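# Coordinates in review
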Amino acid sequence: MSKIKRFFSKKKEEAAFKLKLGGGLGQGHTLSAQNQEASTSSRKPVTDAYVPPKRKELSNEVRSAAAAALARVENKDSKEFNTSLAAIKAQAKRELEAERKLKEEISSPETTTVENNPNLNLACQGVFFRCPIISEAILSKKEWKVKIKEFLYQQLDAEKALTSCLIMYNCNNKEKAEDCIGTLTKYLENIIKFPEEEKYYKIRMSNRIFCEKVRYVEGALDFLQAAGFREVDLDNEMFLIWSKENVDQDYDLTVLIEALQNSEPIQLVLDRNIKVLLPSQAKRVLLPDDFYRISPEEIKREQQLRAEAIESAQILKTKAMREREEQRALRMYKYALVRVKFPNGLFIQGTFGVYEKISDIFEFVQSCLQDETIEFCLIASSEGKFTEEDMDKTLYDLRLVPNIVLLFNASNETASSGQDVNFLKEELLLLVQSI
């Protein structure tokens with residue numbers, strides 16, 4: 001079965017499942033008493049957690065590059081660098097000591113855009129995604145748009161009916177695609193409802209509605225061809241004429257209408273873009289423009305408004321006024337940078353959508369642990385420990401945008417040895433590098 005058919009098959013299964021839920025599947029079972037008595041101050045690992053994409057085994061060249069990066073961090077001149085766990089621990093301890101001495105300088109990390117300065121020391125190089133239906137590549141959204149379009153047009157000859165539906169949704173803006181699909185649905189429904197009316201069998205290509213909503217939408221003419229329409233010149237005027245014999249085999253008009261209604265943009269999966277940082281690398285958070293919901297020009301305008309707001313800071317404001325200003329600032333961002341600090345001084349860093357839940361952060365951290373069965377909690381300086389009630393709240397709800405540092409705390413006896421414990425998987429230590 002082709003990827004396109006699998007895509008639509010999955011959508012039909014999801015629709016059928018939702019229909020069953022609507023009809024009722026009986027009452028759910030309550031959790032066991034043991035689970036109800038679990039401590040709310042810690043988060044028990046979930047077995048069905050976020051699984052990072054499989055990475056290719058590191059080559060000797062990559063390992064050498066990682067060793068060189070660590071050597072630069074430690075300012076060593078030796079050609080060979082010890083990438084052992086003990087060496088990384090020692091470096092982390094040294095940097096923690098330096099961090100304490102510079103506490104005043106780093107107590108209020110700045111968040112800055114990099115609109116006109118590509119040489120700034122960025123916390124990450126952008127926001128990246130995966131698309132399982134196409135490949136396991138990790139690309140930016142702009143690169144994926146190009147790749148998705150190429151992929152769909154490659155499938156067009158083999159699966160014209162289904163692929164053209166996806167092209168309409170993925171290669172046009174949403175409003176144009178929905179108007180086109182609504183018009184095409186009406187064309188096919190008229191043929192089904194009024195099979196004796198020949199006027200519904202032809203479409204004048206100069207028709208105003210056809211030109212505005214269908215003709216210049218990518219994928220629309222390919223769909224009409226798959227649905228049985230062919231271009232015909234009648235009295236020096238071009239028409240699309242429908243014939244049952246021209247409909248793609250294995251499909252009928254009812255199935256094609258379902259395909260139109262089940263089509264949707266191919267979803268991208270946000271990649272966590274995992275990084276492991278030493279303390280000195282986690283001092284400042286300079287975010288790339290991809291993290292912002294608005295354009296660089298609008299960001300500049302927002303900064304001007306903030307400058308004006310400082311001048312009027314002496315004016316007394318109500319709590320509601322302050323909350324509105326805070327919400328406006330938070331709405332500037334689409335993504336958040338989350339860093340989790342471990343007792344040995346290392347950080348892990350991941351990219352999250354602002355509307356992802358706190359439970360997603362716990363699952364991300366769990367996937368990075370050497371022992372995924374240990375119980376742990378995460379602590380935010382502003383919120384304290386996250387409880388079970390917080391798990392369904394979003395980063396936006398808890399104002400953890402655009403960046404946050406969380407402290408990792410193991411709940412079991414493994415935490416007793418303090419900074420000497422390494423909780424991260426050994427392969428993640430190879431990601432330690434200068435940003």
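## Comments concerning the packing of aromatic side chains
A full pass over the atoms with the stated rule returns 11 aromatic pairs. Judged by centre distance (5.5 Å) and plane angle (85°), the rings of Phe 352 and Phe 364 are edge-to-face. A residue pair is termed long-range when its members are at least 10 positions apart, and Phe 352 in strand β11 (residues 347-353) and Phe 364 in helix α14 (residues 358-368) qualify at 12 residues. The exposure class assigned to Phe 352 is buried, which follows from its relative accessible area of 0%. Cluster of aromatic residues (ring-pair linked, three or more members): Phe 342, Phe 362, Phe 376, Phe 386, Phe 408 and Phe 423. In this structure, Lys 202 is placed above the aromatic ring of Phe 239, and the distance from its NZ or CZ to the ring centre is 5.5 Å. The positively charged end of Arg 272 is found above the aromatic ring belonging to Phe 352, 3.8 Å away from the centroid.

## Focus on the pattern of salt bridges
Applying the stated criterion across every chain yields a total of 8 salt bridges. Of the charged contacts, one joins Glu 218 and Lys 149 as a salt bridge, the two residues approaching to 3.2 Å between their closest N and O atoms. Separated by 69 residues along the polypeptide, Glu 218 in the loop between α9 (208-215) and α10 (220-226) and Lys 149 in helix α6 (residues 141-155) bring together distant segments of the chain. With relative accessibility at 23%, the residue Glu 218 sits in the partly exposed group. Of the residues examined, Lys 149 reaches a relative accessible area of 34% and is grouped as partly exposed. Measuring nitrogen to oxygen at the nearest pair gives 3.9 Å for the salt bridge that ties Lys 357 to Asp 392. Of this pair, Lys 357 sits in the loop between β11 and α14 while Asp 392 sits in the loop between β13 (384-385) and β14 (403-410), and the two are 35 residues apart along the sequence. Judged by its relative accessible area of 36%, Lys 357 is partly exposed.

Calculation rules
Residues numbered from 1 in each chain as written. Predicted model: local features only at pLDDT ≥ 70, side-chain atom pairs only at ≥ 80, totals over all residues. Heavy atoms only, no water. Phe/Tyr/Trp six-rings, centres within 6.5 Å; stacked < 30°, edge-to-face > 60°. Helix = DSSP H or I, 4+ residues; strand = E, 2+ residues; numbered from the N terminus. Buried < 20%, exposed > 50% of the residue type's maximum accessible area, 1.4 Å probe, protein only. Lys NZ or Arg CZ within 6 Å of the ring centre and 35° of its normal. Salt bridge = Lys/Arg side-chain N within 4 Å of Asp/Glu carboxyl O.

None of this, on its own, says anything about what the molecule does.
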